[in-house]
Amino acid sequence: EGVAQRPRTVVELGSGWGSNLPYLSERVGVRIGSRSRWGKVIGVEVTPELANKSWEKYRWLGNIEIEAEDMFAFTIPGGVDGVIFSFSYCVMKPPSGTRVDFLRTVWDQLAPRGRIVIFDAGLPSTRWRWTLPFWRWVMSHSLLGDPDVDPYADMHRAFEGQTIHTEKLGPGHFVIWVVKE
């Protein structure tokens, strides 16, 4: 059978309790026919308790690492195939520079054809304008982060000339990604 190339290494920044790890774990590595040679998923979570719980829950997967470290202090290994921000982009506050600067730093660590993916939640559409004050309050007082962060605009500023892809996943949820050509 043919060889299907999959990402070898994926880093999830803000992995929380690890709910994405099984999904990512299944999708890394090289598959030859029905046999697999697994890649690696690295979850980075600033809260040690969450990092420990996700390790206890998912270490059986065999191809994950969990780092209890701030995403800005973590050194992303060079040549990774993907970096995903899972509900962490609108929350993160770089200690120096901007979110755009941090995206560019992550970009420098990607292998050719690597991807940066932002999976997050934002303010509802203008159709629900009457609820905006409520959602601004909820976002600013919860783990959803700063309601005024615009990941789409940040991606365009960081990767001018690259194609930025976006997809709405439901009320307030979205995914944005860019592929390193």
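Here the structure is a predicted model, which is why all the values come from computation and not from measurement.

A. Geometry of the pattern of salt bridges. Within the structure shown, the criterion is met by six salt bridges. Glu-26 is paired through a salt bridge with Arg-27; the nearest N and O atoms lie 3.0 Å apart. Judged by its relative accessible area of 35%, Arg-27 is partly exposed. Residue Glu-181 is joined to Arg-113 by a salt bridge in which the shortest nitrogen-to-oxygen separation is 2.8 Å.

B. Up close: the nonpolar core. Within the largest apolar cluster, 29 residues are counted, with the highest numbers of intra-cluster contacts made by Phe-85 and Ile-116. Mapped onto this core, the elements with two or more residues apiece are strand S2 (9–13), strand S5 (40–45), strand S7 (80–86), helix H3 (99–108), strand S8 (110–121), helix H5 (151–158) and strand S10 (173–179). Broken down by element, this core gets its largest block of residues, five residues, from H3. In this structure, Ala-51, Tyr-58, Leu-61 and Ile-66 belong to the second largest nonpolar core, which totals 15 residues.

C. Region of the structure containing the environment of Leu-24. Take Leu-24: it is sitting in helix H1 (residues 21–26). In this structure, the C-alpha to C-alpha distance between Leu-24 and Asn-63, residues 39 residues apart in sequence, is 9.9 Å. If near-sequence neighbours (up to four positions away) are discounted, Leu-24 is found in contact with Val-10, Glu-12, Val-41 and Ile-84.

D. Summary view of the packing of aromatic side chains. Taken as a whole and judged by the stated rule, the model has four aromatic pairs. Relative to Phe-102, the ring of Phe-72 has its centre 4.7 Å away and its plane inclined at 65°; by these criteria the two rings are edge-to-face. With Phe-72 in the loop between strand S6 (64–68) and S7 and Phe-102 in helix H3, this residue pair connects regions lying 30 residues apart in the sequence. For Phe-72, a relative accessible area of 22% translates into the label partly exposed. Look at Phe-102 and you get buried, because its relative accessible area is 10%. Their ring planes at 75° and their centres at 6.2 Å tell us that Phe-85 and Phe-102 sit as a pair that is edge-to-face. A residue pair is termed long-range when its members are at least 10 positions apart, and Phe-85 in strand S7 and Phe-102 in helix H3 qualify at 17 residues.

Rules used in this analysis
- Residue positions within a chain follow its written sequence, with the count starting from 1.
- Whole-chain, interface and lining totals are the exception, using all residues; otherwise, since this is a predicted model, local features are given only for residues with pLDDT of at least 70 and side-chain atom pairs are given and counted only at 80 or more.
- To obtain the side-chain values, all non-hydrogen atoms of the structure were used and water was disregarded.
- Every case where a carboxyl oxygen of Asp or Glu lies within 4 Å of a side-chain nitrogen of Lys or Arg is listed as a salt bridge.
- Categorising residues by exposure relies on relative accessible area from a 1.4 Å probe, with only protein chains included: less than 20% of the type maximum marks a residue as buried, more than 50% marks it as exposed, and the intermediate range marks it as partly exposed.
- The nonpolar core is taken to be a set of buried Ala, Val, Leu, Ile, Met, Phe, Trp, Tyr and Cys residues, with the residues joined through side-chain atoms within 4.5 Å.
- Secondary structure elements are taken from DSSP: a helix is a run of H or I of four residues or more, a strand is a run of E of two residues or more, and numbering for both begins at the N terminus.
- Here, two residues are considered to be in contact whenever any of their heavy atoms come within 4.5 Å of each other.
- The pairing test for Phe, Tyr and Trp rings, Trp by its six-membered ring, is centres within 6.5 Å, and the orientation test on the planes gives stacked under 30 degrees, edge-to-face over 60, and tilted for anything in between.

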